[in-house]
Amino acid sequence: MTSRQKNILILSIAGVILMAIFVIVLLGGRIPMNDDYAVGNTPGNLNNGGYFCEADGKVYFANAYDNFSLYSMNPDETELTKLNGGAVSSINAAGKYLYYAQTSSGSGEGGIGSAVRISGIYRSNLKGGSVVGLDRCDIVSMQLCGNYLYYEKYDKQIGTSLDKVRIDKKDRQTVAEAIINPNCYVNGKIYFNGTGEDHYLHALDVSTDMESVVWQGNIWNPIVQDGYVYYMDVPENYRLCRYNLADGAVEVLTNERIDMFNVYGNYIYYQVSSPDSPALRRMLIDGSSQELVREGVYQNINITSQYVYFNAFNESIPIYKTSTFGPVNVTAFDAAREAALANNNLKSQSGDSGEE
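Reading guide: rules and limits
- Residues numbered from 1 in each chain as written.
- Predicted model: local features only at pLDDT ≥ 70, side-chain atom pairs only at ≥ 80, totals over all residues.
- Heavy atoms only, no water.
- Pairing = 2+ DSSP bridges.
- Helix = DSSP H or I, 4+ residues; strand = E, 2+ residues; numbered from the N terminus.
- Axes fitted to C-alpha atoms, helices over the stretch in contact; angles between N-to-C directions.
- Salt bridge = Lys/Arg side-chain N within 4 Å of Asp/Glu carboxyl O.
- Buried < 20%, exposed > 50% of the residue type's maximum accessible area, 1.4 Å probe, protein only.
- Core = buried A, V, L, I, M, F, W, Y, C linked by side-chain atoms within 4.5 Å.
- Contact = heavy atoms within 4.5 Å.
- Phe/Tyr/Trp six-rings, centres within 6.5 Å; stacked < 30°, edge-to-face > 60°.
- Lys NZ or Arg CZ within 6 Å of the ring centre and 35° of its normal.

Strand order in the open sheet made by the four strands is β12-β13-β14-β15, with antiparallel pairing throughout. Each edge of the open sheet carries a strand with a single partner, namely β12 (184–186) and β15 (210–215). Taken pair by pair, the neighbouring strands of this sheet meet at an average axis angle of 30 degrees, ignoring direction. Across three bridges, the pairing between β12 and strand β13 (residues 189–193) is antiparallel. Looking at β13, one finds that Val186 is bridged to Lys189.

Now the structure itself:
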């Protein structure tokens, strides 16, 4: 082999190696797309702040004992791990990624430690690393709809709009200059109540971003599950009802005025609004077997496969919990408090006062 042939061979091999490296880098930087019907969290959890999200055998949550930092754990509350130090809400999970909002409203009073909050929507891997900002903004709510995050965005000069961004940070745009809650995503459609001219049940087809009226009811915070729409009945003092999408029948589930609710499996957890006897209660989805969970005024009702989490109104801690499907037994979420103390003690010992 001549010297010229050797040089050509060496250059050819080098070219192949460089091309292989380029392909690996290119493919490594790509964000794998989801199924079009992928959903990031349950509508009930997102309507209650989206502080807990369960996916593929893990629960991701905002630990109020640690300024709402992002944590993960098993559904039975073992293996608690701090993922990052930002204060989060509207947690979504699908595939290899987490999606969440960070706020800029202070340092999270009542928690242990301190946190820096930067307003925006972020994507990270399931361990909280490789964080990418998708939009710097203040949001009200957010749902993963297939390969897009739809979010209710607030701008103090422009007002509220429904925006979307693809999970790889491409194709960011405003869908509607209106107040639209995107939390209830089912089979390619976002179901929401009107807020301007009516309180009808609307549906937004995410394949076209066109909306239509499904039912001319007077409703609030609809949750669609198994052919029913669970909602607060506006003209009847916000009682809880359900509407059958197949035959149009309406069932009254409770005549009590409610502040908020969450539907999970065959149970509904709801906060009764009463000047004399406010309480968190639960019932089966047909309105039967109503029972007391805890007396008082509570909020942020988030549900996983094993536990229901909530806190007292205007008090971020303690976090309370009870079994989702088993007998009612309200206790404090002590594992989260202990994990927060352990993490902040480690930070103090290391002399690191900044965020991760």
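Once you've had a look at it, read on.
To continue, consider the pattern of salt bridges. Using the criterion set out here, one finds eleven salt bridges in the structure. Note that Asp135 is salt-bridged to Arg172, the shortest N-O span being 3.6 Å. Of this pair, Asp135 sits in strand β7 (residues 132–135) while Arg172 sits in the loop between β10 (159–166) and β11 (173–176); the two residues are 37 residues apart in sequence, bridging distant segments of the chain. Since its relative accessible area comes to 7%, Asp135 is described here as buried. When the shortest N-O distance is used, the salt bridge between Asp168 and Arg166 registers 2.7 Å. When its relative accessible area of 18% is taken as the criterion, Asp168 is described as buried. For Arg166, a relative accessible area of 25% corresponds to the partly exposed category. Salt bridges linked by common partners bring Asp135, Lys153, Asp163 and Arg172 together as one network.

Most peptide bonds take the trans form, and the phi angle of most residues other than glycine is negative. Of the consecutive residues Ile317 and Pro318, the connecting peptide bond is found in the cis state with omega at 0 degrees. Within the secondary structure layout, Pro318 lies in the loop between β25 (307–312) and β26 (319–323). Positive phi values are uncommon outside glycine, yet Asn187 reaches one of about 50 degrees. Its place among the elements puts Asn187 in the loop between β12 and β13.

Let's shift gears to the nonpolar core. The nonpolar side chains of a soluble globular protein tend to be buried with one another. Counting residues in hydrophobic clusters, the biggest one holds 27 residues, and the most contacted among them are Ile91 and Phe333. Ranked by residues supplied to this core, first place goes to strand β4 (residues 81–94) with five residues. With residues near it in sequence (within four places) discarded, Ile91 still touches Gly40, Asn41, Leu46, Gly50, Tyr51, Cys53, Tyr60, Phe61, Ala62, Leu70, Tyr99 and Tyr100. Formed by 15 residues, the second largest nonpolar core is a distinct cluster that contains Ile31, Ala94, Met142 and Leu144.

Once that is clear, we can look at the environment of Gly146. Here Gly146 is to be found in the loop between β8 (138–145) and β9 (148–155). Look at Gly146 and you get buried, because its relative accessible area is 0%. As a C-alpha pair, Gly146 and Met33 span 113 residues in sequence and 8.2 Å in three-dimensional space. Sequence-distant contacts of Gly146, that is, excluding residues within four places in its chain, are made with Asn34, Asp35, Asp36, Tyr37, Ala38 and Tyr185.

The next point concerns the side chain of Ser89. Tracing the backbone through its elements, the reader meets Ser89 in strand β4. A relative accessible area of 12% places Ser89 in the buried class. Once residues lying within four places of it in the same chain are set aside, the contact partners of Ser89 are Gly49, Gly50, Tyr51, Tyr100, Ala101 and Thr103.

Turning our eyes to something else, we now look at the packing of aromatic side chains. Following the criterion strictly, the structure yields 18 aromatic pairs and no others. Between the aromatic rings of Tyr267 and Tyr269, the centroid separation amounts to 6.1 Å while the plane-to-plane angle is 45 degrees, which identifies the pairing as tilted. With respect to burial, Tyr267 and Tyr269 carry one shared label: buried. Put simply, the rings of Phe52, Phe61, Tyr71, Tyr307, Tyr309 and Phe333 pair up and form one aromatic cluster. Its end group placed over the ring of Tyr320, Arg294 keeps NZ or CZ at 4.4 Å from the ring centre.

The pairing of strands in a sheet comes from backbone hydrogen bonds and takes either a parallel or an antiparallel form. Here four strands make up an open sheet; going across it, the order is β8-β9-β10-β11 and the pairing antiparallel. Strand pairing shows two members of the sheet lacking a second neighbour, β8 and β11, which therefore form its edges. Recorded for the sheet is a direction-independent mean angle of 30 degrees between the axes of neighbouring strands. For β9 and β10, the ladder comprises eight bridges, and the chain directions are antiparallel. The residue of β10 that forms the bridge with Tyr148 is Arg166.

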